[in-house]
Amino acid sequence: MFESIVKPSVLLLTLCILLASCAVDPQQETSPEVGLETVVTSQSKKELAREVLLEIGIAKRYNLYLSNSIDLGLADTSSHAKLREWLHEIMVREAGWAKIEEQYVARLEADFSESELQELLKLAKQPVMKKLLQNEIQSYSDSSKARQKLLFQVWDDYSSGRINPPKEVLP
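Just so it is clear, the model here is predicted, and its values are computed rather than measured.

A. Broad picture of the overall build of the chain. For the chain, the count of helices and strands is ten helices and zero strands. Its helices and strands in sequence order give the chain the pattern α-α-α-α-α-α-α-α-α-α, from N to C terminus.

This is the structure we're talking about:
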């Protein structure tokens, strides 16, 4: 039954892409923000970077974006909501924010000074910025069905030979 729902080649390709990239630019409204804690006292640069990520909601978005991998693998996401939800939980547990958070923190720590991180934190706490970031998450969620359809069509076209990769990208 599972094979009739999920195209094995698409699922395998999707998992390979996910594991290779681990930095997804991906519909689960409630994603746990595991590992992010705000420190009230004097903060180290690392703690400051972590708080910036918490304020901008990156953990929620990262886990939300994992849904694209599932959308690519399921032939019909609309009729398999429970399976999709379960797969998303697995993706979050095995490849979600908690597994990648330290790389994001390290990147901010390396690329921004302490004063720049403090400035980013102040900006992230501004009501209009919070509204913008929440709007982005809501827009992503609202476009779920259309995105699922488009992604499935791309992979279906690729699998059917209607989209052919150029010779220079083939192994």
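B. Structural detail: a nonpolar patch on the surface. Residues Val-154, Tyr-158 and Ile-163 make up a contiguous nonpolar surface patch of roughly 250 Å² in combined accessible area. Mapped onto the fold, Val-154 is located in helix H10 (residues 144-159).

C. Structural detail: the side chain of Arg-50. Relative to the helices and strands, Arg-50 resides in helix H3 (residues 45-56). There is a polar contact of 2.6 Å between the side chain of Arg-50 and the side chain of Glu-101.

D. The arrangement of the pattern of salt bridges in detail. This model, assessed by the stated rule, comprises ten salt bridges. Across the pair Glu-136 and Arg-61 runs a salt bridge whose closest N-O atoms are separated by 3.4 Å. Of this pair, Glu-136 sits in helix H9 (residues 127-142) while Arg-61 is found in helix H4 (residues 58-65), placing the two residues 75 residues apart along the sequence. The partner of Arg-107 in a salt bridge is Asp-111, with the nearest N and O atoms 2.8 Å apart. With Arg-107 and Asp-111 both in helix H7 (residues 97-111), this residue pair falls four residues apart, about one helical turn.

E. Structural view of helix H6 (residues 81-95). Between the first and last C-alpha of H6 there are 20 Å, a value that for 15 residues agrees with the 21 Å anticipated at 1.5 Å per step. Buried within H6 we find Leu-83, Arg-84, Leu-87, His-88, Met-91, Val-92 and Ala-95.

F. Broad picture of the packing of H4 against H7. It is the contact of H4 with H7, at a shortest axis distance of 10 Å, that shows an interaxial angle of 125 degrees. As the angle between them shows, H4 and H7 are arranged oblique. As H4 runs across H7, the sense of the crossing is right-handed. Together, Ile-58, Ala-59, Tyr-62 and Asn-63 of H4 and Trp-97, Ile-100 and Tyr-104 of H7 make up the contact between the two elements. Class assignment for the residues of the contact of H4 with H7 results in six nonpolar, one polar and no charged.

G. Here's a closer look at the nonpolar core. Ranked by size, the top nonpolar core spans 20 residues in total, and within it Leu-53, Trp-97, Leu-108 and Leu-117 carry the most contacts. Sorting the residues of this core by element identifies H3, H4, H6, H7 and helix H8 (114-124) as the ones contributing at least two each. Every residue in contact with Leu-117, bar those within four places of it in the chain, is listed here: Lys-45, Leu-48, Ala-49, Val-52, Leu-108 and Phe-112.

H. View of the packing of aromatic side chains. For the structure shown, the criterion picks out five aromatic pairs. A ring pair is formed by Tyr-62 and Trp-97, whose centres lie 5.9 Å apart and whose planes are at 65 degrees; its orientation type is edge-to-face. Of this pair, Tyr-62 sits in helix H4 while Trp-97 sits in helix H7, placing them 35 residues apart in sequence. Across this residue pair, the class does not change: Tyr-62 and Trp-97 are buried. Put simply, the rings of Tyr-62, Trp-97 and Tyr-104 touch in pairs and so form one group of aromatic residues.

I. Structural detail: the environment of Ser-67. As for its position among the elements, Ser-67 is in helix H5 (residues 67-73). On the accessibility criterion, Ser-67 (0% relative accessible area) is buried. Remark: the alpha-carbon pair of Ser-67 and His-88, spanning 21 residues in sequence, is separated by 6.2 Å.

The rules behind each value
- Residues numbered from 1 in each chain as written.
- Predicted model: local features only at pLDDT ≥ 70, side-chain atom pairs only at ≥ 80, totals over all residues.
- Heavy atoms only, no water.
- Helix = DSSP H or I, 4+ residues; strand = E, 2+ residues; numbered from the N terminus.
- Patch = residues over 30% accessible without salt bridge, like charges linked within 9 Å, V, L, I, M, F, W, Y side chains within 5 Å.
- Areas by Shrake-Rupley, 256 points an atom, 1.4 Å probe, with all protein chains shown as cover.
- Salt bridge = Lys/Arg side-chain N within 4 Å of Asp/Glu carboxyl O.
- Polar contact = N/O pair within 3.5 Å; in protein donor to acceptor, adjacent residues only side chain to side chain.
- Expected span 1.5 Å × (residues − 1).
- Buried < 20%, exposed > 50% of the residue type's maximum accessible area, 1.4 Å probe, protein only.
- Axes fitted to C-alpha atoms, helices over the stretch in contact; angles between N-to-C directions.
- Parallel < 35°, antiparallel > 145°, perpendicular 65-115°, else oblique.
- Left-handed = near helix turned anticlockwise from the far one by under 90°.
- Contact = heavy atoms within 4.5 Å.
- Nonpolar A, V, L, I, M, F, W, Y, C, P; charged D, E, K, R; others polar.
- Core = buried A, V, L, I, M, F, W, Y, C linked by side-chain atoms within 4.5 Å.
- Phe/Tyr/Trp six-rings, centres within 6.5 Å; stacked < 30°, edge-to-face > 60°.

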